[in-house]
Every structure is written in structure tokens, then in C-alpha cells.
Amino acid sequence: MNDPGLDEPISSDAKDIEKHYDEQDATAEDEQAFLEPSRWFFACTVFPLIAGTFGPMASAFSICALVVHWRVYIPPGAAEQDGIELPDPQWLIGINGAQLAIALVSNLFLLMNMAKRVRFSIAQPITIIGWYASSFALIGLCACASGPLVVEPRESHAFTQAYYYAIFAGGLYFIVATLMLITVWGAYKGHYDKEFQLTISQRTLMLQTISFLVYLLAGAAVYSHIEGWKYLDALYWADFTLLTVGIGDYAPLTHLGRSLLFPFAIGGIIILGLVIGSIRSLVLERGKVKLGARMVEKERRRLISKMHKKNKEAIFQPIHEQNDLATRSSSRILEDYPDNMTERERREQEFLLMRKIQKDAHTKRRWTSLLISGTTWMVLWFSGAAIFKAAEYEQNWTYFLSLYFSYTSLLTIGYGDIYPQSNSGKPFFVFWSLLAVPSLTILISNMGDTIVKGIRDLTLWVGNFTVLPGEQGVKATLKSSAATISRGYLFGSAKDVKETPPGVLGEDKIEYADGEDQTRKNDPESAAQRVVADNAQQEGSRARDAGRTGHELPKERNHYNYILIKEIQSVMKDLDSSPPRKYTFDEWAWYLKLIGEHEGSAETHRRPCKKPNTQEDEMSGVIGGGGGYDEKVKWSWVGTRSPLMGNIEESEWILDKLSMTLARQLNAIWKDELEQKGESENIDATTSKSSRIINQYDRTN
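Below is a summary of the structure that appears in this document.

The secondary structure content of the protein amounts to 22 helices and five strands. Going through the 701 residues of the protein one by one, you find that 48% of them count as buried.

What follows is the structure, encoded as C-alpha cells:
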């Protein structure tokens, strides 16, 4: 008699595993991405997205350079913005139009490649060659316009805004083509796949950028006709309107223009929000994960080197019961560790070291991100002010006045008391503002994790022992603060504190040596957040108790499978935790035991390598393998095969291993059923395929 769910579902699951094998292979590659230098992350992900963003921007500037003549005659007593346009040579217009067509084709092939409609080997050569051709064409035209085509006397002639847009477009084409050339070189060198590994939102970034630029150019054309403005002046107005700077030197005066402003402004702001959101996703989410994992790896190597120099590597040496005395006598024992330390206790100390590495790397990443975004913003501010000072020489702008204008524009204040009027100042403002406003958004987001959080915590800390005393009281708050600042030297040492999971919203629960539990209720979180965190801690209490007391696994197969299913259900609740759930050592010990690993046994433990020597040294095998499918790999909590390394969240890693363990158990039950029914002739063929599929799937994780 067949039990439901043990026959067809196994074969169906096997097909599903085959179908999604490529996705799992990508996940496995993502787990070990921290071993690759950060520059390859930039080359395979960041550079294509920069090209997908600035390539369409360069084409938009090329359109601006084509629709308006490049030179003007300045009548006596008039300003250059009021000059009379001079016709350009026909060959200049023809070359300008041809380079624009080539650039648009290049953008189209890049977009199709990102959408996986055209192969990498076909799209990238067309894109790179086309952008280089457009760049050299525009640079050559600008050189001709400023050389042989200069009209004398120069004092009464000037370049229009279109000429400066051509300069910006030529420079952008050259930059994005060079970035894509680096990306292609890295792909053909084998550092990453030739196809872009981008998320859905990242693939649509280029399309969103194109939509915003088309909206900007079309709106400028409409308002140029309605208000009687020059087209490039209308573009300048549309730019500071959609970016909500609101300088005010141009404003719609007609009834129709003011009426159309309602839908035009809100529509543009929505599209701009989508673009900035995608850029923010790249920089703050995917960049945070990738670079954060790389920083953990660097911090791990630094700690191993530091402990090696200080002769404190005994904590990394596995303790084997059969030669325990020999191991201890040959190892350099840390002074703080007792002679009767067990392998489980050693692994717990190693685990806590890894947690310290994660914490230090996380802090460094946050402040590094703030430093990079802050430096970028400062460079845009100070360099922009210098260029505005040079461009607005006729208005006699000082550098301080340029700083003032740049600052009010960056913060989208837009007083309108001063504004650019020259033919070079307006195009630069459009280009500069499209860079500056998104950079400010990223800077503010990074400040929220560092400076703003620090100010908030300081404000609540002051309130805890002044006008708003916390639940622990003034004395307990001061002691807790002193212990934190002194890193445990005051009112308790670090070794007296055991780690428990930080909960959904980051609350810590401190367990002192005397057994007294004190929840840090004075942390800067609301009561509702503490309730959610308490529920999360209760979810993990059963696993912690099981891991701490060393519960043995049931030998009866159905009981064991039931425990696996219950634990899978429990871990699934942690998948959407924010911030991601971090498990205690006792919880990890229990989950590892469920998948065949024992923290008290040194069988699969090893010293961590500072850097893997060979591909097989640290990365062969599967943690929690066995059962005839894979050889177990020897690993360390501070090694590169540690579950705490890489970009995979802890709950995802545990869920995947528990699921694979359950799959093996079900496969074994299915095999036993076939044997009992006497269908031994079909067992070898069917089970070998299923085992092979599960084996391949397990290797990718």
C-alpha cells in the first residue's frame, strides 16, 4: 500500500530540480562571490548599469546638440543668450545626425542584451563600437567648431547651448563605452558569465531612464511652443521643475502652460522617483550585500593574521577525543581557556569570533558607504561651484556665491535669487543636477544608518535618565551605557555575556553570569517593536533549548521526518525578518545536528585557512552532506565555507539544508517501499537518477 505523497511527488520534484538547476547554480555562485575581488562586482554589475543609465542621457544630449545651431552672433549691448543664431555647415549637421543614429542603435542593442533578447557576443561589440564612433565624431565636430569654424571677431560671437551639450554627450559616450569594454574583457577572461546577472529592477533601470529623458525632452518641446521659449531654455526649465529645484527664472505665464503643469510635474516626478529608486536599489541593496560580504572576508583574514602574529591560534585547532592530550600539549593554548575545554565549547568560541567579525565588518561598511556618498556629494558641490563660477563670469560670480547657488540647488531649495544665464551655465546645470539630486538621495539614506541613528539613540539615551526615564531606571541605564562604552570592563566583562538572537528589530537580550536575565528595554525601539522581537525570540527558544541540552535525534524515521518538517516551518517564519534573523550558537548546533553535523565532534572540523590554496581545499564537498550523496567537507566557523559567509541569509541557508535532508529521507523511504514490493529491477535506474539530481542540487548549495 502506497502512502500518499511518496510516489509521484518524488519524480515530480526531481523534474522541478532539473528545471531550476540553473537558478540554483547561480545561487551557489552568489554564495562564494565574496572570494572574488570587489572590482569584478563593479565590472559585471555596476558598469553595465552605469552604461545603461548614462548611455541614454548622452543620446538625449546628442538630440539637443542636433536641433539647435552651434554658433550665435551677439549684437552690440546684448548678452550671448540673446544672440542671433548662425547656420551650421551641412556636413556638420550630417555627421551630427549620423552619430546620433549610431548611438541610438547602440543603446537599443544594450537594452535588448539586458532584456536577454540579443546575445552578449553580438550586442556588446555593436554597443561599444557605436558609442566610440559617436564619441569621436562629436569630439571632432566640437574641435572643428572651436577651430576652423570660429567666426571673427570672437568678441561678438559665441557658442550656443547645443555646442556644450555636444561636449557632454561626447564625453559620456567615451566613458560608457570604456566601461563596457572593461566588462566585456572581464567576461572573456572568465571572471564572470557573459550574460548580465541583473535583477528585474536593475534590468528595467535603462528603460526607466529612457522614459524619463523622453518625458523631459517632449515636455520641453511642448512648453517651448506654448510659452514661446527657445527649446533648450525650455529643457532647462523642465529639468529644474521635475527635480523640484524651482529656480524661478523661467515660469509658465500662459493659462494653458499653467494648466498643463499639473499633470506634467506629477508625471515627471513619479518617473524620476522610479529611476532614483532603481539606482538606490543598486547602491544600497545589491551593493550593500556584495560589498558587505567582501568586507566580512577581508575582516576574517585580518583577524586570522592578527591571532597568528599573537600566537593565539589554539582556538582554531579542533579537539579530537582520542588524542585530546596530545592535541592540547602541541597546541598553543590561550591563557583564558581552561584545560578541560571540549570541542563544542571551542566551536562556540569560534562562532562568537565570527559574530565579532560580522559586527566589525558591518560597522565598517556603513561608515565606508557614508564616506563614499558624502565624498561624492562634496565633490559635486565644490567642483560644480568652480564650474559655475567660470561659466557665469559675465555675472561676476565669486566662488562663495557659486557655492551658495550649488548648495541651494543640491538641497532642492531653489531660492531663485541667483541663477545661471550663460549658454554654458544652463547646459552644465542640467547635466550636473541630474547627477547631484540622486547622489543626495543616496547620501541621506546612508546617513540614516549612521549619523541619524546615532543622534536618535543619543536623544533617547539622554531622555532615559532625565525627563523620560526608561523602564530600567536611571541607575541601570547609566550602568548599561558604561558597560557598552567600556566594552564590558565596567559592570561586567565581555565573557560574562552570552549571545542570544537579536530579534526581528535588533533588541539584545543579555544573560549575566549570575543567571539573571535583563532585557534591554531601554533600547531606542518602541513597545510594539519589542513585542515583535519577543515573539521572534520565543520562536527560537525550542531550538536553543534543544541545542544547549544536546537532544539526541530520534532513531525512528517518521519521528525524525516530523521534526524536520516542524523545524522547516519554524525557519520559514524568519525568511521575511527585518533585519535578517541571526541565530545563536545553540540554535545552529541543533540545526546542524538535524542535517548530520555535530558540533561536539571534530570529525568535520578544521582550522580555518586565511585564503583557500586550491579549488578543492576549502570548497569541495557539502556541509551537511552524506547519505551516499556527497562527502562531508571539513569546515570552520571562521573559514570560507562557513554558513555565516557569503550573501545567503542564515534562515535561507538553514531552510535549504533542512529541505535537502528531508528530500533524502523521503527518497530513502520511497526506495524501501520499492524493495518491499519486490520491484528491485526498477530501483537502480530510478533511484540513481533521483540521487544524481539531488546530489547535483546539493552541490550548488
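Turning our eyes to something else, we now look at the packing of aromatic side chains. Applying the stated criterion across every chain yields a total of 38 aromatic pairs. Arranged with centres 5.3 Å apart and planes meeting at 45°, the rings of F61 and Y165 form a pair that is tilted. Pair noted here: F61 is in helix 3 (residues 38-67) and Y165 is in helix 6 (residues 161-188), with a separation of 104 residues, a long-range link. Take F61 and Y165: they sit in the same class, and that class is buried.

A few words on helix 6. Between the first and last C-alpha of helix 6 there are 41 Å, a value that for 28 residues agrees with the 40 Å anticipated at 1.5 Å per step. Positive backbone phi, at 85°, marks G190, one or two positions downstream of helix 6.

When charged atoms on two side chains of opposite charge get close, those side chains can pair. Applying the stated criterion to the full structure yields 17 salt bridges. R300 is the partner of E297 in a salt bridge, and the nearest nitrogen-oxygen pair spans 3.0 Å. Remark: R300 and E297 occur in helix 10 (residues 255-309); sequence separation between them is three residues, near one turn of the helix. Looking at R300, the relative accessible area reads 0%, which means it is buried. For D586, the salt bridge is made with R344, and the minimal N-O distance between the two is 3.0 Å. In this pair, D586 is assigned in helix 19 (residues 585-594) and R344 in helix 12 (residues 343-391), connecting sequence segments 242 residues apart. Judged by relative accessible area, D586 falls into the buried class, the value being 13%. A relative accessible area of 24% places R344 in the partly exposed class. When salt bridges that share partners are traced, they join E343, R346, R347, E350 and E599 into one network.

Tracing the backbone through its elements, the reader meets R346 in helix 12. On the basis of relative accessible area, R346 is assigned to the buried category, the value being 1%. Once residues within four sequence positions are removed from consideration, R346 is found in contact with A314, I315, F316, Q317, P318, I319, M341 and H605.

In spatial order, the strands read 2-1-3; together these three strands make up an open sheet with antiparallel pairing. The open sheet is flanked by strand 2 (84-86) and strand 3 (157-159), the only strands paired with a single partner. Mean inter-strand twist for the sheet, computed between neighbouring axes without regard to direction, equals 40°.

A word on helix 19. Taking burial as the measure, the 10 residues of helix 19 include 10 buried ones, the bulk of the element. Those residues of helix 19 that sit buried are F585, D586, E587, W588, A589, W590, Y591, L592, K593 and L594. The positive-phi residue at the C-terminal boundary of helix 19 is G596, with phi of around 105°.

Turning our eyes to something else, we now look at the nonpolar core. The biggest cluster of nonpolar side chains holds 95 residues, and the ones touching the most others in it are F61, W70 and F429. For this core, the leading source of residues is helix 6, giving 14 residues. In terms of nonpolar packing, the next biggest core, distinct from the first, is built from 36 residues, L303, M307, L564 and W637 among them.

The next subject is a nonpolar patch on the surface. Taken together, the side chains of F136, I139, F174 and I175 make up a nonpolar region of the molecular surface, amounting to roughly 390 Å² of accessible area. Secondary-structure elements contributing two or more residues to the nonpolar patch are helix 5 (120-146) and helix 6. Note on placement: F136 falls in helix 5.

Here W635 shows up in the loop between helix 20 (615-619) and helix 21 (650-676). Between the alpha carbons of W635 and H605 there is a distance of 5.1 Å; along the sequence they are 30 residues apart. Side chain to side chain, W635 and E597 meet in a polar contact 3.4 Å long.

Residue position: E80 is located in the loop between strand 1 (71-73) and strand 2. The buried charged residue E80 lacks any salt bridge, with K426 as its nearest oppositely charged partner at 8.8 Å. Reaching out from E80, the side chain makes a polar contact with the backbone nitrogen of N423 at a distance of 2.7 Å. The residues touching E80, leaving out its near neighbours within four places in the chain, are V72, I74, A158, S422, N423 and S424.

This brings us to the packing of helix 19 against helix 21. Closest axis-to-axis distance for the helix 19/helix 21 pair is 9 Å, and the angle between their directions is 25°. It follows that helix 19 is roughly parallel to helix 21 by the angle criterion. Classified by chirality, the crossing of helix 21 by helix 19 is left-handed. On helix 21, the residues touching W588, Y591, L592 and L594 of helix 19 are E650, W653, I654, L658 and T661. Classifying every residue of the contact of helix 19 with helix 21 gives seven nonpolar, one polar and one charged.

Conventions and cut-offs
Residues numbered from 1 in each chain as written. Predicted model: local features only at pLDDT ≥ 70, side-chain atom pairs only at ≥ 80, totals over all residues. Heavy atoms only, no water. Helix = DSSP H or I, 4+ residues; strand = E, 2+ residues; numbered from the N terminus. Buried < 20%, exposed > 50% of the residue type's maximum accessible area, 1.4 Å probe, protein only. Phe/Tyr/Trp six-rings, centres within 6.5 Å; stacked < 30°, edge-to-face > 60°. Expected span 1.5 Å × (residues − 1). Salt bridge = Lys/Arg side-chain N within 4 Å of Asp/Glu carboxyl O. Contact = heavy atoms within 4.5 Å. Pairing = 2+ DSSP bridges. Axes fitted to C-alpha atoms, helices over the stretch in contact; angles between N-to-C directions. Core = buried A, V, L, I, M, F, W, Y, C linked by side-chain atoms within 4.5 Å. Patch = residues over 30% accessible without salt bridge, like charges linked within 9 Å, V, L, I, M, F, W, Y side chains within 5 Å. Areas by Shrake-Rupley, 256 points an atom, 1.4 Å probe, with all protein chains shown as cover. Polar contact = N/O pair within 3.5 Å; in protein donor to acceptor, adjacent residues only side chain to side chain. Lys, Arg positive; Asp, Glu negative; His and termini not counted. Parallel < 35°, antiparallel > 145°, perpendicular 65-115°, else oblique. Left-handed = near helix turned anticlockwise from the far one by under 90°. Nonpolar A, V, L, I, M, F, W, Y, C, P; charged D, E, K, R; others polar.

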